[in-house]
Amino acid sequence: MRFIFIDSGPLGLLFQRAGIAPAEACRRWAKERLAEGARLIVPEIVHYEIRRELLRLAKTNSLAALDRFVHAETDRFRVVTSKDFVTAAEMWAESRRDGIPTADARALDIDLILCAQVRNSGIPLTDMVVATSNTKHIARFVPATDWHNA
Amino acid sequence: MTITLSTETENRLLAEAARTGVGVNQLAEQLIDAALSLTDAVPSNRASIEILNEWEAETATDDPAEIERREVEFDEFKNALNQTRIATDGPDARIVYP
């Protein structure tokens with residue numbers, strides 16, 4: 001079984017309206033992976049980032065479709081747990097000790113919470129990948145690739 | 001390829017094409033793709049594929065002006081996400097859409 005964690009880039013593309021070439025490509029990709037039997041997973045922190053922007057832009061139809069998709073499968077939506085915050089804090093400290101922070105020191109750091117959710121999912125690293133539009137930072141912590149190749 | 005449809009199916013296809021503003025050929029292809037995706041999919045993923053297909057059908061358009069307007073709004077969406085990342089995570093933030 002293959003597990004694909006969807007990052008904000010591709011998740012934000014899936015429910016753009018028809019006629020937007022990158023969005024149509026992303027839907028084709030998602031349907032192909034689904035048809036192959038892959039499990040597409042949406043971490044809560046990623047859903048939060050896309051949801052708040054759709055709300056701000058009053059994209060109510062996109063938001064409704066996104067929420068239907070996110071809850072269409074029982075194993076798709078992964079909530080952020082206390083353990084995820086503990087893991088994110090460890091990674092935050094580790095990255096700063098190594099002199100390679102992922103975000104400004106004052107920021108909550110969405111990237112590390114995402115990585116913690118992925119690491120704590122219980123899925124073997126060999127069976128998973130984060131599908132993203134920007135592998136910067138996160139590929140240091142979890143398997144990640146451009147969504148076209150995931 | 002030529003496909004022969006019953007009069008009733010042809011009328012329904014023409015009516016849906018007129019309602020959505022999508023060309024008849026394009027609409028027919030979309031509907032066939034959607035049905036085949038459902039056939040091919042692992043059963044537990046069918047609902048997800050159906051949601052994506054429904055979204056495409058609901059928002060389908062051939063109107064160049066409408067597509068141009070959507071592209072502008074998409075750029076606004078991408079810029080908003082990137083700007084929020086930079087505002088909250090600093091100048092070295094991993095922006096969503098490089």
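Computed from a predicted structure; not experimentally measured. (Residues numbered from 1 in each chain as written. Chains lettered and ligands numbered in written order. Predicted model: local features only at pLDDT ≥ 70, side-chain atom pairs only at ≥ 80, totals over all residues.)

A.B. asks: Sorry, what's going on with the interface of chain A and chain B here?
C.D. replies: Listed per partner, the contact involves 32 residues of chain A and 32 residues of chain B. Listing elements by their share of the side of chain A that touches chain B, those giving two or more residues are α1 (8-14), α2 (21-36) and α4 (60-70) of chain A. Counting residues per element, the side of chain A that touches chain B draws most heavily on α2(A), at five residues. Tallied by class, residues from the side of chain A that touches chain B come to 12 nonpolar, 10 polar and 10 charged. (Contact = placed C-beta atoms within 7 Å. Helix = DSSP H or I, 4+ residues; strand = E, 2+ residues; numbered from the N terminus. Nonpolar A, V, L, I, M, F, W, Y, C, P; charged D, E, K, R; others polar.)

A.B. asks: How should I be thinking about the packing of α4(A) against helix α3 (residues 46-59) of chain B in this particular structure?
C.D. replies: Each pair of packed helices can be described by the angle between their axes along with the distance between the axes. Packing of α4(A) against α3(B) leaves a shortest axis separation of 9 Å and a crossing angle of 165°. The pairing of α4(A) with α3(B) is recorded here as roughly antiparallel in orientation. Remark: the crossing between α4(A) and α3(B) carries left-handed chirality. Note on element contacts: α3(B) touches α4(A) through B:Ser48, B:Ile51 and B:Trp55, opposite A:Ala65, A:Arg68 and A:Phe69. Its residues assigned to classes, the contact of α4(A) with α3(B) shows four nonpolar, one polar and one charged. (Axes fitted to C-alpha atoms, helices over the stretch in contact; angles between N-to-C directions. Parallel < 35°, antiparallel > 145°, perpendicular 65-115°, else oblique. Left-handed = near helix turned anticlockwise from the far one by under 90°.)

A.B. asks: It is not clear to me how helix α6 (residues 110-119) of chain A should be interpreted in this structure. Could you clarify?
C.D. replies: Residues lying three or four places apart along an α-helix face the same way, a consequence of the helix completing one turn every 3.6 residues. All names here are of chain A. Of all the 10 residues making up α6, nine are buried; the element is thus mostly covered by neighbouring parts of the structure. Within the span of α6, buried status applies to Ile110, Asp111, Leu112, Ile113, Leu114, Cys115, Ala116, Gln117 and Val118. Where α6 is buried, its residues meet β1 (3-6), β2 (39-43), α3 (44-56), β3 (77-78), α5 (82-97) and β4 (128-132). (Buried ≥ 20, exposed ≤ 12 C-beta atoms within 10 Å, placed from the backbone.)

These figures capture arrangement, not role.
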